[in-house]
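Close look at the chain arrangement
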Amino acid sequence: MTKEEALKVEHVSFRYEKENVLEDVTFSVPKGAFLGLVGPNGSGKSTLLKCILGLLKPQQGNIFLFGTPISEFKEWHRVGFVSQKANSFNTGFPATVEEVVASGLTAKLGLFRFFTRKEKDAVKEAIEAVGMTKFQKQNIGELSGGQQQRVFIARAIVSKPELLILDEPTVGVDVHHVQNFYNMLEELNRHLGITLVLVTHDVGTITEKVTHVACLNKHLYFHGKAAEFAELQADDLSAFYGHHLHVLSHQH
Amino acid sequence: MIEAMFQYEFLRNAFFAGVLIGLVAPLLGVFIVVRRLSLIADALSHVTLAGIAASLLMEKKIGLLSWNPLYMGMGFSVAGSLLIEKLRSVYKHYQELAIPIILSGGIGLSVIFISLANGFNTDLFSYLFGSVSAVSRQDVWVIVSIAIVVVATIWFLYKELFLLSFDEEYALASGIRARAIHFVFIVLVALVIAASMRIVGILLVSSLMTLPVAASIRVAKGFKQAIAYSVFFGELSVIAGLFLSYELDLAPGGTIVMLSVCILLITIWWKKWKRG
Ligand SMILES: Nc1ncnc2c1ncn2[C@@H]1O[C@H](COP(=O)(O)OP(=O)(O)OP(=O)(O)O)[C@@H](O)[C@H]1O
Ligand SMILES: [Mg+2]
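No experiment lies behind these values; they were computed from the predicted model shown. Residue indices begin from 1 for each chain and proceed along its sequence in written order. By the order in which they are written, chains take letters starting at A while ligands take numbers starting at 1. Totals for whole chains, interfaces and linings use every residue, but because this is a predicted model, local features are given only for residues with pLDDT of at least 70 and side-chain atom pairs only at 80 or more, for both listing and counting. Heavy atoms from the whole structure form the basis of all side-chain values; hydrogens and water molecules are not counted.

1. Some remarks on helix α1 (residues 45-52) of chain A
Since there are 3.6 residues in each turn of an α-helix, residues three or four apart along the chain are aligned in direction. Residues and elements named next belong to chain A. Filter applied, for reference: The classification of residues rests on relative accessible area computed with a 1.4 Å probe and restricted to protein chains. Under 20% of the type maximum is buried, over 50% is exposed, and intermediate values are partly exposed. Secondary structure elements are taken from DSSP: a helix is a run of H or I of four residues or more, a strand is a run of E of two residues or more, and numbering for both begins at the N terminus.
A large share of α1 lies buried, amounting to seven of its eight residues. Burial in α1 covers these residues: Lys 45, Ser 46, Thr 47, Leu 48, Leu 49, Cys 51 and Ile 52. Backbone geometry just after α1 places Gly 54 at a positive phi near 80 degrees.

2. Some points on the UniProt feature "transmembrane region" (unreviewed entry) in chain B
For the record, the criterion: UniProt positions are given in the numbering used here, feature names are shortened, and annotations may be inferred rather than shown by experiment.
Look at the UniProt record and you will see "transmembrane region" (unreviewed entry) annotated at residues 14-34, 39-58, 64-85, 97-120, 140-158, 226-244 and 250-270 of chain B. Counted over residues 140-158 of chain B, helix gives 100% and strand 0%. Its end C-alpha atoms are 26 Å apart.

3. Focus: the pairing of strand β2 (residues 20-30) of chain A
Residues and elements named next belong to chain A. Put simply, the rule is: Each pair of strands is called paired provided DSSP finds at least two bridges between the two strands.
Here seven bridges tie strand β1 (residues 5-15) to β2, and the two strands are oriented antiparallel to one another. The partner of Lys 8 across the bridge, within β2, is Ser 28. Hairpin connection from β1 to β2: four residues lie between these consecutive antiparallel strands.

4. What to know about the environment of Arg 15 of chain A
All names here are of chain A. Test applied: Contacts: residue pairs with any heavy atoms within 4.5 Å of one another.
With respect to the helices, strands and loops of the structure, Arg 15 is situated in strand β1. With relative accessibility at 32%, the residue Arg 15 sits in the partly exposed group. Once the C-alpha coordinates of Arg 15 and Gln 149 are considered, the two residues, 134 residues apart in sequence, prove to be 29 Å apart. Not counting residues up to four positions away in its chain, the partners in contact with Arg 15 are Asn 20, Val 21 and Gln 59.

5. Topic: the sheet that holds strand β10 (residues 219-225) of chain A
Residues and elements named next belong to chain A. Defined as follows: Interaxial angles span 0 to 180 degrees and are taken between N-to-C directions of axes, which are lines fitted to C-alpha atoms, for helices over the stretch in contact.
Across the sheet, six strands lie side by side as β6-β7-β8-β3-β9-β10; this open sheet has mixed pairing. For this open sheet the edge positions go to β6 (79-82) and β10, each flanked by a neighbour on one side alone. Adjacent strand axes in the sheet meet at a mean angle of 15 degrees when their direction is disregarded. Sheet analysis places strand β3 (residues 34-38) next to strand β8 (residues 195-199), joined by four bridges and oriented parallel. Each residue of the ladder has a partner; that of Leu 35, found in β8, is Val 197. Contacting β3, β7 (163-167), β8 and β9 (212-217), α1 runs over the sheet at an angle of about 150 degrees to β7. Those strands touched by helix α5 (residues 145-157) are β6 and β7, and its axis lies near 170 degrees from that of β6.

Below you can see the structure in the form of structure tokens.
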């Protein structure tokens with residue numbers, strides 16, 4: 001295990017009930033990489049991310065974050081997360097955009113510490129980065145689904161994580177903002193050196209922006225550089241996606 | 001009443017206790033309501049009743065030293081809160097089931113204790129519906145201590161409690177000690193319920209934790225504002241309720257709760273009216 005790996009997944013198998021949802025999944029993400037994780041619905045992508053975040057415990061295998069097994073990992077503020085279900089929260093919750101984004105600093109700040117000027121500036125900056133400055137005093141429940149998603153992205157980046165994990169973060173976000181958002185991710189990745197793991201169905205973006213690709217469908221079908229992925233034959237992909245290929249090739 | 005307050009200690013006690021409860025019950029209530037746990041307060045208040053009944057029974061039957069029944073009530077309430085947590089983890093997919101289980105358990109126990117004692121005197125009645133004259137100096141000290149603990153805990157754990165309430169999964173993923181914090185929170189709820197019961201009575205405790213909050217989230221922008229409004233509405237109904245009940249010779253608990261209902265109706269109406 002080198003220090004150069006932000007994330008390492010070793011022979012991980014996971015099942016909710018009887019059947020394995022993940023089977024013997026092994027891969028690693030070097031620091032500074034941008035990994036696109038693709039796979040059909042129900043292929044275990046979200047499940048894998050939950051294992052990485054310590055929300056689920058795999059029955060077999062090991063996961064390392066920055067070289068530390070996650071059972072011993074304490075510095076969770078180094079990892080940011082945007083969940084697939086981010087906007088399924090209680091929409092009547094009386095919290096402003098500012099308050100929600102600030103809550104992303106909770107773990108980093110630590111117990112018994114209060115927000116200072118520095119944290120407030122970071123919150124402002126993150127809100128600006130997702131273009132929500134105009135809405136910062138609004139209750140989050142009063143925003144559209146796409147706007148809410150942008151707030152959750154801001155919450156994930158406000159703590160300046162070294163590894164950012166995003167589960168289909170752009171669902172419900174319009175084309176213009178998706179473009180902005182991917183540019184922002186690229187910015188974070190290239191200039192700040194943040195390692196990214198992005199689950200998406202948008203294979204077009206994948207080949208354009210990411211450095212590495214992993215294809216998951218219970219097993220890991222492919223893992224390698226983005227350029228190698230682009231060279232994959234259509235046959236290989238159809239074996240992996242099955243009937244989903246047709247839909248996906250439309251998006252190219 | 002103000003004149004009388006200088007004269008009678010029991011009125012001063014009731015007033016202090018009321019002001020403190022008007023602060024801490026809605027303060028915790030905000031977190032309870034946004035987490036959709038409103039019924040927990042109800043379940044715990046009935047467990048508290050069982051504790052009080054047990055304490056009164058022991059006093060009557062065994063002639064055990066006359067402890068303040070508040071202590072036993074608090075003990076039962078805290079135990080009940082821990083049991084709810086346990087049940088919530090057993091019934092992962094039916095978490096709300098924990099509440100009726102504890103609630104009926106609480107009532108069942110209370111009824112048994114009460115029947116064993118062949119009924120109690122007015123004492124129990126004052127616990128059920130609240131009473132101004134029943135608040136002793138010792139009660140006030142208990143309530144003061146609980147209020148200090150509650151306010152300090154919310155102050156120091158505010159950002160963790162906010163995160164936990166808003167998004168439990170994210171709270172867990174971000175590595176804060178979510179379970180421990182939730183545990184502290186639920187114990188606080190149990191303590192506040194035991195404390196509030198003196199003034200508003202067991203049957204109405206939960207309303208003081210939920211009604212001011214229900215009014216506040218209609219009008220508040222943001223969480224801090226929701227807390228501020230909740231406490232404001234809570235204090236308004238408690239203080240006005242105590243005065244009114246004294247002057248008109250009504251039960252304080254009922255008066256306070258009906259004032260909360262009025263405030264709630266006004267905010268609903270106000271919001272509609274503002275919209276056009
Ligand atoms: N809480 C759960 N309990 C039982 N089974 C589950 C649970 N969550 C997911 N599953 C099952 O695990 C499998 C993988 O689900 P997962 O959510 O990881 O897929 P995914 O790749 O994220 O799909 P999508 O592209 O639709 O988001 C599915 O077959 C699903 O039915
Ligand atoms: Mg998913």
